[in-house]
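Descriptive analysis of the structure
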Amino acid sequence: MALIVQKFGGTSVGSIDRIHHVAEKVIAARHQGNDVVVVLSAMNGETDRLIQLAKSVNSEPNSREYDMMVSTGEQVSISLLSIALLARGCPARSLTGIQAGIKTDSSHKKARIVDIDPSRLRKELNEGRVPVVAGFQGFDELGSITTLGRGGSDTTAVALAAALKAHECQIFTDVDGVYTTDPRVVPQARRLDRVTFEEMLELASLGAKVLQIRAVEFAGKYNVPVRVLSTFEDGPGTLIAYEDTRMEQPIVSGIAFDRNQAKITIRGVPDRPGIARFILGAVSDRDIDVDMIVQNVPSVDKTIDFSFTVQRDDYKSALELMHAAAEELEAKEVLGDDKIAKLSIVGVGMKSHAGVATRMFQALGDEGINIHLISTSEIKISVLVNEKYTELGARTLHSTFGLDAPPRDEQTTKSTK
Ligand code: ADP
Ligand code: ASP
Ligand code: MG
């Protein structure tokens, strides 16, 4: 008997009808001879509502209490599904993060899973029940409820699959797999049959929210095969796994974009050792993540310009810190821009191909899209552009690298061959 973990996202459990639909799917998987562990998100929109509720009392709610509040969304959906399963005669039991043994560190709102004690889950499975686990939550050393960051139910599912050595972790969502780019933005996007952990990690961290980054990290580390599938239509979905058996690797497998970006430049900084540490230290001491970093060569007056990007939520705080740093360093000025977006191309095939960056810059230039910053790794190139060009940029790169789906009539001809 195979053990599978099935995770259903917010849209998939967004109404009572959909809860019933999910119950039928879980029962069907059991009838196929599988043991099933279910992980659920909160009903669509519920986590946003709870966050607003907490913020209506104080705009910066205490983070322990914030976690206590937002974790309740998942508790509603797991009980609803368990009620639906039990009503169909399927033995099921809802479990919170604590009951499922999900231990995390104490960094509230973005806790990391440190250990899983699967004994309770095993017991439920051995007794023939379907454990229905609340995603997105765990507990720390003090026994406080923690949450894993937005989209964290994906990570709960993959971590449980790793701890239980499950055969596969199935992520059911509102699209039928991982696409070459967000299909809601680029209609020509194509579903990928498979994608490597490496590529998926880049796509997720560069803005493709179909899977939380930490879920992909877990999957890669523990070699858990993950399949992204639609809750609403049958199909093969997308398999995320190590080996890549594609006959011919495309140079670029996907395009990602992220509008949640802001850029800060501190100009005319004296060029001396320790400057980068001074500037970035001020930001990281406040727990603000820095993404792209560029320092230019010294100008004739022996000063440098230093630019970096942060998430838009952190923009105001980072800007204030830089004004203070600029004063201390006697820098010329601080410039900020929070109307920018990051566009990225990702592909393992890039490793062995020269000229990919040139093609990317040429295509953007031809569309009149100016590039503010560039960063690269072995399998990705990211550029920062004005946010008004996000969609045009994504569409342009999608067709430049040959990712567009063939026109409809051609698809029909192919499928009837
Ligand atoms: P869930 O609530 O099921 O966790 P999410 O909204 O978190 O679902 O993730 C699914 C969404 O991710 C899709 O509706 C799609 O718009 C978006 N998305 C972004 N990039 C991609 C991509 N490359 N492939 C598929 N979906 C993507
Ligand atoms: N409910 C949480 C969120 O909206 C976790 C999740 O859906 O994965 O972010
Ligand atoms: Mg999600």
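This is a predicted model, so every value here is computed, not measured.

**Things to note about the site of ligand 2**
The environment of ligand 2 is formed by Ser-41, Ala-42, Thr-47, Glu-74, Phe-136, Arg-150, Gly-151, Gly-152 and Ser-153. In the model, an oxygen atom of ligand 2 is placed 3.0 Å from a nitrogen or oxygen of the Ser-41 side chain. Within the backbone of Gly-152, a nitrogen or oxygen atom sits 3.4 Å from an oxygen atom of ligand 2. Compared with its free state, where it exposes 270 Å², ligand 2 has 87% of that area covered by protein. Across the shell around ligand 2, the residue classes break down as 2 nonpolar, 5 polar and 2 charged.

**Notes on the side chain of Ser-307**
With respect to the helices, strands and loops of the structure, Ser-307 is situated in strand β15 (residues 303-311). One polar contact links Ser-307 to Thr-265, side chain to side chain, over a distance of 2.9 Å.

**What to know about the nonpolar core**
In this structure, Cys-169, Met-200 and Ile-240 are the most contacted members of the largest nonpolar core, which totals 43 residues. Filtering out sequence-adjacent residues up to four positions away, Ile-240 remains in contact with Val-178, Val-195, Thr-196, Phe-197, Met-200, Leu-211, Val-224, Pro-225, Val-226 and Val-228.

**A look at the state of the cysteines**
This structure, assessed with the given rule, holds 0 disulfides. Summary of cysteine pairing: Cys-90 is not part of a disulfide, and the nearest cysteine sulfur, belonging to Cys-169, is at 19 Å. By relative accessible area, Cys-90 is classed as buried at 6%. Cys-169 gets classed as buried once you look at its relative accessible area, which sits at 0%.

**Brief notes about the confidence of the model for the protein chain**
Scored by pLDDT, the protein chain has a mean of 93; 96% of the residues are at 70 or more. Here residues 411-417 is a poorly scored stretch, pLDDT under 50, and it has 3 contacts once near neighbours within four places are set aside; other chains count.

**Brief notes about the site of ligand 1**
Taken together, 16 residues lie around ligand 1, and Thr-173, Asp-174, Tyr-179, Asp-182 and Arg-184 are the ones closest in. With respect to ligand 1, the side chain of Lys-7 contributes an N or O atom lying 3.2 Å from an oxygen atom. Backbone polar atom of Gly-10 to an oxygen atom of ligand 1: 3.2 Å apart, as the coordinates give it. When ligand 1 is considered free in solution it has 570 Å² of accessible area, and contact with the protein chains removes 88% of it. In terms of residue class, the shell around ligand 1 is made up of 6 nonpolar, 5 polar and 5 charged.

**Description of the packing of aromatic side chains**
Applying the stated criterion across every chain yields a total of 3 aromatic pairs. Ring centres of Phe-8 and Phe-172 lie 4.8 Å apart, and the angle between their planes is 10°; this geometry places the pair in the stacked category. Residue Phe-8 is located in strand β1 (residues 2-8), and its partner Phe-172 is located in strand β9 (residues 168-173); the two are separated by 164 residues in the primary sequence. Relative accessible area serves as the criterion here: at 0%, Phe-8 is assigned to the buried category. Note on Phe-172: relative accessible area 6%, which makes it buried. Measuring from centroid to centroid gives 4.7 Å for Phe-197 and Tyr-242, while their planes differ by 75°, and the two rings are edge-to-face. Of this pair, Phe-197 sits in helix α7 (residues 197-205) while Tyr-242 sits in the loop between β12 (238-241) and β13 (254-270), and the two are 45 residues apart along the sequence. Judged by its relative accessible area of 5%, Phe-197 is buried. The ring centre of Tyr-66 lies 4.6 Å from the NZ or CZ of Lys-109, which sits over that ring.

Reading the values: rules and limits
Residues numbered from 1 in each chain as written. Chains lettered and ligands numbered in written order. Predicted model: local features only at pLDDT ≥ 70, side-chain atom pairs only at ≥ 80, totals over all residues. Heavy atoms only, no water. Near = heavy atom within 4 Å. Polar contact = N/O pair within 3.5 Å; in protein donor to acceptor, adjacent residues only side chain to side chain. Areas by Shrake-Rupley, 256 points an atom, 1.4 Å probe, with all protein chains shown as cover. Nonpolar A, V, L, I, M, F, W, Y, C, P; charged D, E, K, R; others polar. Helix = DSSP H or I, 4+ residues; strand = E, 2+ residues; numbered from the N terminus. Core = buried A, V, L, I, M, F, W, Y, C linked by side-chain atoms within 4.5 Å. Buried < 20%, exposed > 50% of the residue type's maximum accessible area, 1.4 Å probe, protein only. Contact = heavy atoms within 4.5 Å. Disulfide = S-S within 2.5 Å. pLDDT = per-residue confidence, 0-100. Phe/Tyr/Trp six-rings, centres within 6.5 Å; stacked < 30°, edge-to-face > 60°. Lys NZ or Arg CZ within 6 Å of the ring centre and 35° of its normal.

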